[in-house]
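# Structural characterization, general
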Amino acid sequence: MTRTDGYLLDNRQAEAAERFDAFAKLFDPTTFRHLETLGVGPGWRCWEVGAGGTSVVSWLAKKVGPTGRVIATDIDTSRVAPAGRPPVEVRVHDVGVQEPPGEGFDLVHARLVLVHVPDRERALRSMVKALRPGGRLLVEDADPALQPLLCPDEHGPEQQLANRLRQGFRQLLSHRGADLSYGRRLPRLLREAGLRRVEADAYFPVTSPACAALESATVRQIRDELVGEGVATHDDIDRHLANVASGSMDLATAPMISAWGRKA
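An account of the accompanying structure is given in this report. Quantities reported herein were computed from a predicted structural model and do not represent experimental measurements. (Residues numbered from 1 in each chain as written. Predicted model: local features only at pLDDT ≥ 70, side-chain atom pairs only at ≥ 80, totals over all residues. Heavy atoms only, no water.)

What follows covers the overall build of the chain. Summing up its helical and strand segments, the chain has eight helices and seven strands in all. In summary, the chain has a C-alpha radius of gyration of 18 Å against a globular reference of 18 Å for 264 residues, a match within 12%. Taken along the three principal axes of its C-alpha coordinates, the chain extends 55 × 35 × 30 Å. Expressed as a percentage of the 264 residues in the chain, the buried residues total 57%. Taking as baseline every contact in the chain between residues at least 6 positions apart, the subset at least 24 positions apart corresponds to 75%. A gap of 8 Å separates the mean positions of the 34 positive and 35 negative side-chain charges of the chain. (Helix = DSSP H or I, 4+ residues; strand = E, 2+ residues; numbered from the N terminus. Rg over C-alpha atoms; globule rule 2.2 N^0.38 Å. Buried < 20%, exposed > 50% of the residue type's maximum accessible area, 1.4 Å probe, protein only. Contact = heavy atoms within 4.5 Å. Lys, Arg positive; Asp, Glu negative; His and termini not counted. Charge placed at Lys NZ, Arg CZ, Asp CG, Glu CD.)

In structure tokens form, the structure reads like this:
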């Protein structure tokens, strides 16, 4: 996941690996389904923007084969570096600031990236510019404002505490520059960028072990920020983490909206 200097969820923190694992379990099936539909195959040149972890990069590498190429970029490449062998090239790159790492790509893909990039407009232009005519763009981003609750079924004190912490997390993200309603705008933004055959859908996991793993890792990672901002006490957070570990709550994530189209 690409970050700015103010990015709340640093890839270098210990919990980042747990978060990437949870994202892979939650969202890889949706992402891979879309990539399959777009036709990714042998010889394709792909740019994975804000790669973060290795799951999507490794999947693309298998699909494009030895005649293809996958450029995996991020501001912090520490988590994706293990995938850096042919046909994968890993580069340090800021999509919101720098020019694209090449042109003529058959596919450009970003997942859970642009919502955190301060200059999202420039980043999207850069991604479209990097495509060859007829190339495909797939952008997948969360929209926490569409579904702001961790526990949609708020029926007791455990769920109320969970939703209070989720509200605090959303506030922290917003203060760091994240656009919490970005996902819903993706179809329009892709059309305005000149793409054709634009389509979109959304995936909204309501409860799963991966949702619980993601919540636990996230809260542990931002514990100090939540306490520092007065959102919760350490006791509140310990109680919430115990509630999550008990498996007794239905924990949701924000909907992930996937939008795709072709360059004219």
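So, on to the sheet that holds strand β3 (residues 88-92). Taking strand neighbours across the sheet as the criterion, the seven strands line up as β3-β2-β1-β4-β5-β7-β6 in an open arrangement whose pairing is mixed. The open sheet has two edge strands with one neighbour each: β3 and β6 (195-203). In this sheet, neighbouring strand axes are inclined to one another by 15° on average, regardless of whether the strands run parallel or antiparallel. As paired elements, strand β5 (residues 131-142) and strand β7 (residues 256-263) share seven bridges and run antiparallel to each other. What sits directly across from Leu-138, in β7, is Trp-260. Against the sheet, helix α2 (residues 55-64) contacts β1 (45-49), β2 (69-74), β3 and β4 (105-111), and its axis sits at roughly 165° relative to β2. Strand contacts of helix α3 (residues 120-129): β1, β4, β5, β6 and β7, with the helix running at about 145° to β5, the strand carrying the most contacts. (Pairing = 2+ DSSP bridges. Axes fitted to C-alpha atoms, helices over the stretch in contact; angles between N-to-C directions.)

Moving on, we come to the nonpolar core. Counting 25 residues, the largest nonpolar core has Trp-47, Val-108, Leu-114, Met-127 and Leu-137 as its most contacted members. When contributions to this core are tallied by element, the ones reaching two or more residues are β1, β4, α3, β5 and α5 (186-192). Leave out the neighbours within four places in its chain, and Leu-137 touches Val-108, Leu-124, Met-127, Val-128, Leu-131, Leu-190, Leu-195, Ala-259, Trp-260 and Gly-261. If you look at the next biggest cluster of nonpolar residues, it comprises 21 residues, including Leu-35, Val-40, Trp-59 and Leu-60. (Core = buried A, V, L, I, M, F, W, Y, C linked by side-chain atoms within 4.5 Å.)

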